[in-house]
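Structural overview
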Amino acid sequence: MHNSGTLIPQNISLKAWLTPFKSLMSIEGSITTNILLKEFYCLNIDEARRLNAGDTSTFKGSMLIPNGVDTNYRLKLTTDIQVYKHHKLTENQCSLNIPLTFLPHDAQLRGGEAIHYEYITPNNADFIFTFPIKNTIKTMNELARFTDLNNLGLPAVKRMFEHAQAAKSGHPFSIADDEWALWTELLDSLTLPYHETTAALYQSQSIEEFEHWLVTNSNLKSL
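About the thresholds
- All residue numbers refer to positions counted from 1 along the written sequence of the respective chain.
- Restriction of local features to residues with pLDDT of at least 70 applies here, the model being predicted, together with a cutoff of 80 or more for giving and counting side-chain atom pairs; totals for whole chains, interfaces and linings are based on all residues.
- Values shown for side chains rest on all heavy atoms present in the structure; no hydrogens or waters enter the calculation.
- Elements are defined by DSSP. Helices are runs of H or I of four residues or more, strands are runs of E of two residues or more, and each kind is numbered from the N terminus.
- For this measure, only C-alpha atoms enter the radius of gyration; the expected value for a globule follows 2.2 Å times N^0.38, where N is the number of residues.
- For each residue, the accessible area found with a 1.4 Å probe, counting protein chains only, is set against the maximum for its type, and the residue is called buried under 20%, exposed over 50%, and partly exposed in between.
- We call two residues in contact when some of their heavy atoms are within 4.5 Å.
- We get accessible surface area from the Shrake-Rupley algorithm with a probe of 1.4 Å; when it comes to residues, only the shown protein chains can shield them.
- Counted charges follow a simple rule, with Lys and Arg positive, Asp and Glu negative, and His plus the chain ends left uncounted.
- We put the charge of a Lys on NZ, of an Arg on CZ, of an Asp on CG and of a Glu on CD.
- Patch criteria: residues need more than 30% relative accessible area and no salt bridge. Like-charged residues are merged within 9 Å; nonpolar side chains of Val, Leu, Ile, Met, Phe, Trp and Tyr are merged within 5 Å.
- Between Lys or Arg on one side and Asp or Glu on the other, a salt bridge is scored when a side-chain nitrogen of the former is within 4 Å of a carboxyl oxygen of the latter.
- When DSSP finds two or more bridges between two strands, those strands count as paired.

Looking only at helices and strands, one finds five helices and eight strands in the protein chain. For the protein chain, the α and β elements follow one another from N to C terminus as β-β-α-β-β-β-β-β-β-α-α-α-α. Taken over the C-alpha trace, the protein chain has a radius of gyration of 23 Å; the compact-globule value for 223 residues is 17 Å, which it surpasses by more than 25%. For the protein chain, the proportion of its 223 residues judged to be buried stands at 37%. Counting contacts in the protein chain only where the partners sit at least 6 residues apart, residues at least 24 apart contribute 65% of the total. With the model as given, the accessible surface of the protein chain reaches about 13,100 Å², and the carbon-plus-sulfur share is 53%. The distance from the centre of the 18 positive side-chain charges to the centre of the 24 negative ones in the protein chain is 9 Å.

Dropping the structure here:
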């Protein structure tokens, strides 16, 4: 590349953010704005020269998850492009600027721990992210007992919540017929529909979030 040359586009900036995830539990005063973790890669003329010289040290790194971050966040990746001088493209202004928001089911964002990333070529030609892993239940014996009471004094809730979380992490367990009968009997007593309750079990990131949904949508307040 000639020393006086110009790279077009002049700058491509890749940033990683923590973005709030719509929770079943609304908390007053909770953060609703994105948290910038890091600009994890920037392609400009200086980086192009480094790559041309064989230096790929910027292709890997890590970013620290800030303390105080709870489970209701996802990783959001954005791309900002400076085409030339003041001509810029930012979020959602073209197909290259559509943000990507995700979090693997077995991942857990814990403050003080790191998310690692690496650009993999040539097989994938993409950035790969490695997250802190949940401490998941992997055997039936680790599940709470059906008779264990949750914070609302209800049986079965802890066990069914753990069932759902284990299934999300790739460890599905069958539910015995007698347990399912007792569970549906409990839902009937709380005037809760089966389908919506099951969806809430899988959507909830914590037992507290599911309990909040139970109180909000059942007849517990009137009991």
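Right, let's get into a nonpolar patch on the surface. Among the surface-exposed residues, Ile 8, Val 83 and Tyr 84 lie close enough to one another that they form a single nonpolar patch of about 250 Å² accessible area. Under the relative-accessibility criterion, Val 83 is labelled partly exposed at 30%.

Now for the pairing of strand 4 (residues 73-84). In this sheet, strand 4 lies alongside strand 1 (residues 11-20) in antiparallel orientation, the contact comprising ten bridges. Residue pairing across strands places Lys 15 opposite Thr 78, the latter belonging to strand 4. Relative to strand 6 (residues 100-102), strand 4 is paired through three bridges, and the arrangement is antiparallel. Note on strand 6: the bridge partner recorded for Lys 76 is Thr 101. In terms of strand pairing, strand 4 meets strand 5 (residues 87-89) through three bridges, oriented antiparallel. Bridge assignment links Gln 82 to a residue of strand 5, and that residue is Lys 88. Between strand 4 and strand 5, which pair antiparallel one after the other, the connecting turn spans two residues, and Lys 85 there sits at a positive phi close to 55 degrees.

On their own, these measurements won't tell you what the molecule is for.
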